[in-house]
Amino acid sequence: MGIRKETRTFDTFTSCLTEMKEWLLANGITHVVMESTDVYWKPVMRVLEADIPNVWIVNARHIKNVPSHKTDKMDSEWICKLLIAGLLKPSYIPPKEQRQLRELTRYRNKLIQAIATEKNRMMRVLEDCNIKLSSVVANTSGVTATALIDMLCEGRKLTLEDIESVYHKKLSASPQELLEACTGFVEEHHIYMLQMIRKSIAQTQGLVDELSKRIKEILIKYENVLELLKEIPGFNTKVVEDLVSEIGLDMSAFPSEKHLVSWAGICPDYNESASKKSGRITHGNKQVKAVLTEAAWAATRTKNTFFSERYHRISARRRKKRALIAVAHSQLTAAYLILSTGARYHELGAQFMQAKIEKKRKLYLTAELKKLGYKVSLEKKKEATKS
């Protein structure tokens, strides 16, 4: 008996999707494949996943049809041919609870970006007033800068006493320089704009706090695992929450740490043409790459850690961006091993690679001398004692 082909078209309303599911079940269908286009696959997935054992979401780049032969009907036939030939690989679709957690963390990140945008808008308004606060203060979101901006939002003309009341001794700028920077042409319109922006920031920050509270309530039962992940240098509470929402806590979906790193897109792809190889990283998961890049930056500022030493060693010869990806690669590998084995993070230290390179070099030089007929005995030179 050959392959029977039947094509039908359905609308995307819930009743139509339910009718499609009944039609598929009536024909004994066990595999359904869809392109992962934006969010349009999610309603279909929600209708089918409870009754059809294998619902696959496939990367659209992996199933491109021949150019000038693209219609919805022809695409469906092409996807069926690829599935029968065994040329398709399903994308990782996390469980429902994790998908909901993803929506919360991604929305929180969008709101945090909105707050940063509002702060930049506030700086533009201050520049319009010739308030040069950003020229004398490194962080305009710091305690002193925030207090000064709040005074300007209230319409006050700042004096040296106002500056000294909020001045922090760690600032490189003097109170007189701050006063000079905060002296400008602040009009009623500017005060109104600053107040509106400040109100917008406060409202958005309230939403961020509510989302953080909700995320914490969902993850409270996994607190022990989250604490283990926080031991990795560069991983704070927010980074751990964002990472767990993307990769989950069950590592059985990834056969090894290499599969997880490849799925995240923080390892080089393998493309060779005319004996030329490409070393660019893959597309992967943009959210995971953003989270790990943030964590990698934080890890580079830690003292006497393996990640910090790795960053500075690689950046010296391959530049900062590649060094960051290398650190993120190591961090995700460590996270995979913690989640899959339950082991604690073991810090190798800043001297780990140096000691490894030194050992390898000693073995190489010893072998070379032995080839020349010498008998080699290594003894470390004693350090001279200071008088």
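In this report, the structure presented in the accompanying data block is examined.

What counts, and at which threshold
- Residues numbered from 1 in each chain as written.
- Predicted model: local features only at pLDDT ≥ 70, side-chain atom pairs only at ≥ 80, totals over all residues.
- Heavy atoms only, no water.
- Helix = DSSP H or I, 4+ residues; strand = E, 2+ residues; numbered from the N terminus.
- Rg over C-alpha atoms; globule rule 2.2 N^0.38 Å.
- Buried < 20%, exposed > 50% of the residue type's maximum accessible area, 1.4 Å probe, protein only.
- Areas by Shrake-Rupley, 256 points an atom, 1.4 Å probe, with all protein chains shown as cover.
- Lys, Arg positive; Asp, Glu negative; His and termini not counted.
- Charge placed at Lys NZ, Arg CZ, Asp CG, Glu CD.
- Contact = heavy atoms within 4.5 Å.
- Phe/Tyr/Trp six-rings, centres within 6.5 Å; stacked < 30°, edge-to-face > 60°.
- Axes fitted to C-alpha atoms, helices over the stretch in contact; angles between N-to-C directions.
- Parallel < 35°, antiparallel > 145°, perpendicular 65-115°, else oblique.
- Left-handed = near helix turned anticlockwise from the far one by under 90°.
- Nonpolar A, V, L, I, M, F, W, Y, C, P; charged D, E, K, R; others polar.
- Pairing = 2+ DSSP bridges.
- Right-handed = clockwise from strand over helix to strand, strands pointing away.
- Patch = residues over 30% accessible without salt bridge, like charges linked within 9 Å, V, L, I, M, F, W, Y side chains within 5 Å.
- Salt bridge = Lys/Arg side-chain N within 4 Å of Asp/Glu carboxyl O.
- Core = buried A, V, L, I, M, F, W, Y, C linked by side-chain atoms within 4.5 Å.
- Expected span 1.5 Å × (residues − 1).
- Arc of directions from axis to C-beta.

1. Some points on the overall build of the protein chain
Turning to step 1, where the next piece is worked out: A count of helices and strands for the protein chain gives 16 helices and four strands.
Turning to step 2, where the next piece is worked out: On C-alpha atoms alone, the protein chain measures out to a radius of gyration of 29 Å, which is more than a quarter above the 21 Å that the 2.2 N^0.38 rule sets for 387 residues.
Turning to step 3, where the next piece is worked out: Looking at the protein chain residue by residue over its 387 residues, the buried ones come to 35%.
Turning to step 4, where the next piece is worked out: When the accessible surface of the protein chain is totalled, it reaches about 26000 Å², and 54% of it is carbon and sulfur.
Turning to step 5, where the next piece is worked out: Put simply, the protein chain has 63 plus and 45 minus side-chain charges, and the middle of one group is 10 Å from the middle of the other.

2. Details of the environment of Ile215
Turning to step 1, where the next piece is worked out: With respect to the element layout, Ile215 can be found in helix α9 (residues 188-219).
Turning to step 2, where the next piece is worked out: Ile215 sits in the buried class, given a relative accessible area of 0%.
Turning to step 3, where the next piece is worked out: Spatially, the C-alpha atoms of Ile215 and Lys238 are 9.9 Å apart, while their sequence positions differ by 23 residues.
Turning to step 4, where the next piece is worked out: Not counting chain neighbours up to four residues away, the residues in contact with Ile215 comprise Leu101, Leu104, Thr105, Arg108 and Glu241.

3. Some thoughts on the packing of aromatic side chains
Turning to step 1, where the next piece is worked out: A full pass over the atoms with the stated rule returns eight aromatic pairs.
Turning to step 2, where the next piece is worked out: With a centroid separation of 5.5 Å and 85° between ring planes, the pair formed by Tyr92 and Trp263 is classed as edge-to-face. Here Tyr92 is found in the loop between α3 (72-84) and α4 (96-128), whereas its partner Trp263 is found in helix α12 (residues 257-264), with 171 residues between them in sequence.
Turning to step 3, where the next piece is worked out: With a relative accessible area of 19%, Tyr92 lands in the buried category.
Turning to step 4, where the next piece is worked out: One aromatic cluster is present, formed by Phe306, Phe307, Tyr345 and Phe352 through successive ring pairs.

4. Observations concerning the packing of α4 against α9
Turning to step 1, where the next piece is worked out: At a minimum axis separation of 9 Å, α4 and α9 run at an interaxial angle of 160°. Comparing the axis directions of α4 and α9 gives the class roughly antiparallel. Judged by the twist between their axes, the crossing of α4 over α9 is left-handed.
Turning to step 2, where the next piece is worked out: Here the residues of the contact of α4 with α9 sort into 19 nonpolar, six polar and eight charged.

5. A look at the pairing of strand β1 (residues 31-35)
Turning to step 1, where the next piece is worked out: The pairing of β1 with strand β2 (residues 54-58) spans five bridges and is parallel. By the bridge assignment, His31 is partnered in β2 with Asn54.
Turning to step 2, where the next piece is worked out: Between the parallel elements β1 and β2, the chain passes through helix α2 (residues 41-48) in a crossover that is right-handed.

6. Brief notes about a nonpolar patch on the surface
Turning to step 1, where the next piece is worked out: A contiguous nonpolar patch, built from Leu369, Leu372 and Tyr374 and spanning about 340 Å² of accessible area, is present on the exposed surface.
Turning to step 2, where the next piece is worked out: With respect to the helices and strands, the residue Tyr374 is situated in the segment after α16 (352-371).

7. Things to note about the nonpolar core
Turning to step 1, where the next piece is worked out: Ranked by size, the top nonpolar core spans 72 residues in total, and within it Leu133, Ile232, Phe235, Leu243 and Leu332 carry the most contacts.
Turning to step 2, where the next piece is worked out: Element by element, the count of residues in this core is highest for helix α15 (residues 320-341), at 11 residues.
Turning to step 3, where the next piece is worked out: Apart from the residues lying within four places of it in its own chain, the contact partners of Leu332 are Leu243, Ile247, Leu260, Val261, Ala264, Ile266 and Leu292.
Turning to step 4, where the next piece is worked out: In this structure, Leu17, Met34, Met45 and Leu48 belong to the second largest nonpolar core, which totals 15 residues.

8. Considerations on α16
Turning to step 1, where the next piece is worked out: Helix length check: α16, at 20 residues, gives a terminal C-alpha distance of 29 Å against a target of 28 Å (1.5 Å per residue), a fit within 8%.
Turning to step 2, where the next piece is worked out: Among the residues trailing α16, Gly373 stands out with phi positive, at a value near 95°.

9. Details of α12
Turning to step 1, where the next piece is worked out: Listed as buried for α12 are Leu260, Val261 and Ala264. The buried residues of α12 occupy an angular sector of 95° when projected down its axis, which confines them to one face.
Turning to step 2, where the next piece is worked out: Those residues of α12 hidden inside the fold are in contact with α11 (237-247), α13 (286-300) and α15.
Turning to step 3, where the next piece is worked out: Following α12 by one or two positions, Gly265 adopts a phi angle in the positive range, close to 85°.

10. Quick word on the pattern of salt bridges
Turning to step 1, where the next piece is worked out: Under the definition given, this model contains 21 salt bridges.
Turning to step 2, where the next piece is worked out: For Glu49, the salt bridge goes to Arg99, with nearest N and O atoms at 3.6 Å. Of this pair, Glu49 sits in the loop between α2 and β2 while Arg99 sits in helix α4, and the two are 50 residues apart along the sequence.
Turning to step 3, where the next piece is worked out: Glu49 gets classed as partly exposed once you look at its relative accessible area, which sits at 34%.
Turning to step 4, where the next piece is worked out: One salt bridge in this structure joins Lys221 and Glu97, with 3.4 Å as the shortest N-O distance. Placement of the pair is Lys221 in the loop between α9 and α10 (223-229) and Glu97 in helix α4, with a sequence separation of 124 residues.
Turning to step 5, where the next piece is worked out: On the basis of relative accessible area, Glu97 is assigned to the partly exposed category, the value being 37%.
Turning to step 6, where the next piece is worked out: Each of Arg108, Lys238, Glu241 and Asp242 takes part in salt bridges that share partners, so that together they form one network.

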